[in-house]
Protein chains: 2
Amino acid sequence: MPRQVTAFSNATVKRLRSLRDKKARRAEGLFLAEGLRIIAEARDSGRLPEIIAFSPDGARHPLAAETIAATEAAGGEAIETSADILAKMSGKDNPQLLLAAYRQPQATLKQIDRSRSPLWIVAQALRDPGNIGTILRTGDAVGAGGLILLDDSADPFSVEAVRASMGALFTQALAIARWPDFLGWLRSGKGQLVGTSLEATHDYLETEYTQPCFLLIGNEQQGLPEAYEAECDLLVKIPMAGRADSLNAAVAAAVMAFHIRASWR
Amino acid sequence: MPRQVTAFSNATVKRLRSLRDKKARRAEGLFLAEGLRIIAEARDSGRLPEIIAFSPDGARHPLAAETIAATEAAGGEAIETSADILAKMSGKDNPQLLLAAYRQPQATLKQIDRSRSPLWIVAQALRDPGNIGTILRTGDAVGAGGLILLDDSADPFSVEAVRASMGALFTQALAIARWPDFLGWLRSGKGQLVGTSLEATHDYLETEYTQPCFLLIGNEQQGLPEAYEAECDLLVKIPMAGRADSLNAAVAAAVMAFHIRASWR
């Protein structure tokens, strides 16, 4: 049976709340996900939380009730608490009725089986966790196998990234790697590395993409370092019609990924 | 000559800072933009701020110095201040070296001259100001004429929207309208209204788009209301390959807008 928790000072409440902080996430190896939708997505992908917290309203949905029971049956912890305490844990004024802590998956290149998908997204030093989550969501929608985060990137397990991923964190493979390690791994098998660049001469619409294709997206401010561009098998540009010289990183990833998929039809 | 301001309690500092709040933006008819890039974009588009604040470092760039002088020559106010005070005004730990307040443009359907562009983006009840800014940025890049915001949407003049727009707020036309007014206006001239829907039977890749095309994007949570879908000349779907049943709103706008442009080449 789930425990009833009414105190902000409760140890589990404090522990869940601490997961909004990167250091605590790392130390615990856990991350927070909020809301029925993402928790149901996790369940569909065979993942149960280690801790689940919910308001009485949150437990009413059959999927929620089932996940709470399954979490306890698997030795996890379930607490029933108030909307106020859920708000405190999620840092939102209008919190979800459910909140759960999941074990972080290993995020190494070993997780990436390139034969599983014709398309993979690779992103370099992304700063905005919302972009990481949005790219994961896009990857799921477009049928990519997963996301490889290069160099110093924002934390894909941050609350903002998890929110933006809308559950895709549970369906997309994820790896975090340094550039030389990624490059060594990439060249140990088949794969076309495609970068986008303002200086490229190939129009992204007039290019042939081969499978497995690794789509490389640069940092929000600087784009791709020159040395990285030099390693690409193909550099393409998305022609800009207006004043701006670039797209939002998650938008660029989506425009390219959807076009690459369309080119294969 | 710009005044030196060293006090947080200075009236101009307080006024600029207040523009982070929607009520104050409305009452003043102003909005905040931060950083050399967007201020230069505004200048290129023939727009000067009414107030500009900068640190000594911020005034060093020739474009900044020129904008500061032009602002004063046009009767605007320029203040030189500290990085600390700029941080207070922008609400960021790492503030830009320049910050400026611009008059909000009128945002009515009268601003939209549909003959100016083959493509317009229309978004319904967007909640996330970052999505609004990102869609403006995408619109600029793809050669859209502007953005029409339907119903109760987040404020396109919020700091977050302005940031995400990366200057496109100054290059894209903008209108805010209720659905019946928009529909009356739309049907008073030429225009294909294209909505995206999960239930649509037309694949977005196998459809003919006619100019001027009005691309209609739904709210982040609910998508388009049924009554709005019923008014569309064309409903298309973006096939989803994975678990998720939708894309981020700004991503959906970009995938559609770039595909529509590509289909016209």
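Note that the structure is predicted; figures quoted are calculated from it, not measured.

Participant: Before we go on, may I ask you to explain the relation of the copies chain B and chain A in this structure?
Facilitator: The relation between the two chain copies is a rotation about an axis coupled with a shift along that axis. Take chain B, turn it by 180°, move it 0.0 Å along the axis, and it overlays chain A with an RMSD of 0.0 Å. Read as a symmetry element, the transformation amounts to a two-fold axis.

Participant: Help me out: how do you make sense of the pairing of strand S7 (residues 146-150) of chain A in this one?
Facilitator: Along a regular strand, successive side chains alternate from one face of the sheet to the other. All names here are of chain A. Across the five residues that make up S7, a large majority, five, are buried. The side-chain alternation of S7 yields two buried faces, one formed by Gly146, Ile148 and Leu150 and the other by Leu147 and Leu149. Pairing of strand S6 (residues 119-124) with S7, which is carried by four bridges, proceeds in the parallel orientation. Across the sheet, Ile121 pairs through a bridge with Leu147, a residue of S7. Between the parallel elements S6 and S7, the chain passes through helix H6 (residues 129-142) in a crossover that is right-handed. Here S7 runs beside strand S8 (residues 173-177); their pairing, made up of five bridges, is parallel. Looking at S8, one finds that Ile148 is bridged to Ala175. As for the winding sense of the linkage, the β-α-β connection from S7 through helix H7 (residues 159-165) to S8 is right-handed.

Participant: Would you take a moment to explain the interface of chain B and chain A for this structure?
Facilitator: By a widespread convention, an interface's size corresponds to the accessible area lost as its parts come together. Counting residues at the interface gives 28 residues for chain B, matched by 28 residues for chain A. Looking at the side of chain B that touches chain A, the elements that each hand over two or more residues are helix H3 (36-44), helix H6 (129-142) and helix H10 (249-263) of chain B. Among the residues forming the side of chain B that touches chain A, the class breakdown is 15 nonpolar, seven polar and six charged.

Participant: Teacher, can you tell me more about the environment of A:Leu183 here?
Facilitator: Here A:Leu183 is to be found in helix H8 (residues 179-187). Sequence separation between A:Leu183 and A:Tyr228 is 45 residues; the distance between their C-alpha atoms is 9.6 Å.

Participant: Would you mind going over unusual backbone geometry with me for this structure?
Facilitator: What you tend to see is this: most non-glycine residues have negative phi, and most peptide bonds are trans. Residue and element names in this part refer to chain A. Omega for the peptide link from Gln211 to Pro212 comes to -10°, which places this bond in the cis form. Structurally, Pro212 can be placed in the loop between strand S10 (202-203) and strand S11 (213-217). In the Ramachandran plot, Ala125 falls in the positive-phi region, its phi being about 50° despite a non-glycine side chain. Turning to its location among the elements, Ala125 is positioned in the loop between S6 and H6. A count of 18 C-beta atoms within 10 Å places Ala125 in the partly exposed class.

Participant: Where do I start with the sheet that holds strand S2 (residues 30-34) of chain A in this structure?
Facilitator: Consider a sheet: its strands pair through backbone hydrogen bonds, and that pairing is either parallel or antiparallel. Residues and elements named next belong to chain A. The sheet built from five strands is open, its strands ordered S1-S4-S3-S5-S2 with mixed pairing. The open sheet terminates on both sides in strands that have one partner only, identified here as strand S1 (3-4) and S2. As defined by bridge partners, S2 adjoins strand S5 (residues 98-103) across five bridges and the pair is classed as antiparallel. Across the sheet, the residue bridging to Leu32 is Ala101, located in S5. Packed on one face of the sheet, helix H4 (residues 62-73) meets strand S3 (51-54), strand S4 (77-80) and S5 and runs near 145° to S3.

Procedures and definitions
- Residues numbered from 1 in each chain as written.
- Chains lettered and ligands numbered in written order.
- Predicted model: local features only at pLDDT ≥ 70, side-chain atom pairs only at ≥ 80, totals over all residues.
- Least-squares fit on C-alpha atoms with pLDDT ≥ 70 in both.
- Buried ≥ 20, exposed ≤ 12 C-beta atoms within 10 Å, placed from the backbone.
- Helix = DSSP H or I, 4+ residues; strand = E, 2+ residues; numbered from the N terminus.
- Pairing = 2+ DSSP bridges.
- Right-handed = clockwise from strand over helix to strand, strands pointing away.
- Contact = placed C-beta atoms within 7 Å.
- Nonpolar A, V, L, I, M, F, W, Y, C, P; charged D, E, K, R; others polar.
- Axes fitted to C-alpha atoms, helices over the stretch in contact; angles between N-to-C directions.

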